[in-house]
Amino acid sequence: MAICEFLPRAFCRFPAISDSYIRQARQVIDDGFRGLVREYGYIIDALKAPLQWFLNYLERLFTTSPWTVVLIVMLVIVYFGSRSIRITIGTAIGMLLIGLVGLWEDTMTTLAIVTVSTLIAIVIGLPIGILMARSERVQGVINPILDVMQTMPSFVYLIPVVVIFGIGKVPGLIAVVIYAVPPMIRLTNLGIRLVDKEVLEAADAFGSSRGQKLWNVQMPLALPTIMAGINQTIMMSLAMVVVASMVGVGGLGRNTLQAINNQFFTYGFLNGFALVAIAIIFDRTSQAFGMRLQRHSEVVHG
């Protein structure tokens, strides 16, 4: 401050825009955004409807089915995905412990949200990743967008989502998808770009079209990397579930948020344990499946 007494004001105080101008600009932008949402609310509702139906259907299926049936189906999927008895037994122990502490239904709700968000992220991320791998121009446009999506704080996603879609499960689901889709896009792009050029030249020599080369050569060889993208998408979906509970998403995320607000250590720990158990099950199964795909591709193309 002593130095600033002898210097012009412009050298010590950053020449920021006047607060009145910022308030006016903010009011114009916010009012315009709200007006746009009100004007096209029927389109937004039409877009929400199928997501709402699918999420509600899957949640009812998971929560109302007998726990024995759900557990058996889950163990079958885990075994055929990992081909590991150890991972299957670990899954059974983890899910039984979750049920014993009374969190089975909340866990099923969380599984429904993560399943739907992962499927949407795959449907969105896979074609975008393919386009990025086939066009440097598309990659140059999409990469900065992905950088923003991955570096922006997760709470910020909730603001535009809530303004557009309101409070409820679907806004939370959309926020989860926005947060979780970048790894799917990036690793699909990376996997296709890492395919050996000699293999592509051999496909060209046999007269393969671009579509045949993509689906018969590039996609099978890139599948382990794409599986890694799916793995990361699932992990980020689980990480975002707690934040999304602030806008109406139920399940373990809502319980964890309530535990934080009320300082219930034991309750929060149990819900955190359930989230960690689900994350480990998904991670181990998808990693084992990806490694099997990698070994298969090395045998076929090695």
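Data block above holds the structure.
The present account deals with the structure reproduced in this document. The structure displayed is predicted, hence computed values, not measured ones.

**Focus: the overall build of the chain**
When its secondary structure is counted, the chain shows 13 helices and 0 strands. When the helices and strands of the chain are read in sequence order from the N terminus, they spell out α-α-α-α-α-α-α-α-α-α-α-α-α. Put simply, the chain has 302 residues, and 40% of those count as buried. When contacts within the chain are restricted to residue pairs at least 6 apart in sequence, those whose partners lie at least 24 apart make up 78%. Surface exposure of the chain reaches about 17600 Å², of which carbon and sulfur atoms provide 67%. Treating the 22 positive side-chain charges of the chain as one cloud and the 17 negative ones as another, the clouds have centres 2 Å apart.

**Thoughts on helix H8 (residues 154-165)**
Given a rise of 1.5 Å per residue, 12 residues ought to cover 16 Å, and the 17 Å separating the end C-alpha atoms of H8 matches this to within 8%. Turning to H8, its buried residues number three or more, namely Ser154, Tyr157, Leu158, Val161 and Phe165. Buried residues of H8, viewed axially, fall in a sector of 100°; they line one side. Contact partners of the buried residues in H8: helix H3 (41-64), helix H7 (136-151), helix H9 (169-193) and helix H11 (210-244).

**Quick word on the packing of helix H6 (residues 104-134) against helix H12 (residues 252-262)**
Orientation of H6 relative to H12, taken along the N-to-C sense of each, is 115°, at an axis distance of 8 Å. Taking contact as the criterion, the partners of Asp106, Thr107 and Thr110 in H6 are, on H12, Leu252, Gly253, Arg254 and Asn255.

**A closer look at the packing of helix H5 (residues 85-100) against H6**
With their axes 7 Å apart at the nearest point, H5 and H6 run at an angle of 125° to one another. The angle between H5 and H6 falls in the class oblique. On H6, the residues touching Met95, Ile98 and Gly99 of H5 are Trp104, Thr107 and Met108. Considered class by class, the residues forming the contact of H5 with H6 number 4 nonpolar, 2 polar and no charged.

**So, the pattern of salt bridges**
By the definition in use, this model includes 5 salt bridges. Between Arg186 and Asp147 there is a salt bridge, with the nearest N and O atoms lying 2.5 Å from each other. One end of the pair, Arg186, is in helix H9; the other, Asp147, is in helix H7, with 39 residues separating them in the sequence. Arg186 gets classed as partly exposed once you look at its relative accessible area, which sits at 24%. Its relative accessible area of 39% is what places Asp147 among the partly exposed residues. Two residues, Asp283 and Arg284, come together in a salt bridge whose shortest N-O distance is 2.6 Å.

**Focus: the environment of Ile192**
Mapped onto the fold, Ile192 is located in helix H9. Assessed through its relative accessible area of 4%, Ile192 is described here as buried. Sequence separation between Ile192 and Val161 is 31 residues, and the spatial gap between their C-alpha atoms is 32 Å. Ile192 has contacts with Ile130, Ala133, Leu214, Gln218, Met219 and Ala222, leaving out every residue within four places of it along the chain.

**Considering the layout of surface pockets**
Considered as a void within the structure, the largest pocket measures approximately 810 Å³ in volume. Phe62, Met74, Ile77, Thr115 and Phe282 are, among the 26 residues lining the largest pocket, the residues nearest its centre. Of all the secondary structure elements, the ones that give two or more residues to the lining of the largest pocket are H3, helix H4 (67-82), H6, H11 and helix H13 (265-301). Per-element tally for the lining of the largest pocket: the top contributor is H4, with 7 residues. For the lining of the largest pocket, the class distribution of residues is 20 nonpolar, 6 polar and no charged.

Definitions and cut-offs
Residues numbered from 1 in each chain as written. Predicted model: local features only at pLDDT ≥ 70, side-chain atom pairs only at ≥ 80, totals over all residues. Heavy atoms only, no water. Helix = DSSP H or I, 4+ residues; strand = E, 2+ residues; numbered from the N terminus. Buried < 20%, exposed > 50% of the residue type's maximum accessible area, 1.4 Å probe, protein only. Contact = heavy atoms within 4.5 Å. Areas by Shrake-Rupley, 256 points an atom, 1.4 Å probe, with all protein chains shown as cover. Lys, Arg positive; Asp, Glu negative; His and termini not counted. Charge placed at Lys NZ, Arg CZ, Asp CG, Glu CD. Expected span 1.5 Å × (residues − 1). Arc of directions from axis to C-beta. Axes fitted to C-alpha atoms, helices over the stretch in contact; angles between N-to-C directions. Parallel < 35°, antiparallel > 145°, perpendicular 65-115°, else oblique. Nonpolar A, V, L, I, M, F, W, Y, C, P; charged D, E, K, R; others polar. Salt bridge = Lys/Arg side-chain N within 4 Å of Asp/Glu carboxyl O. 1 Å grid on protein atoms, 1.4 Å probe; cavity = no way out; pocket = protein on both sides within 12 Å on 5 of 7 lines; lining within 4 Å. Points joined across faces, edges and corners; volume = space filled by probe spheres on them.

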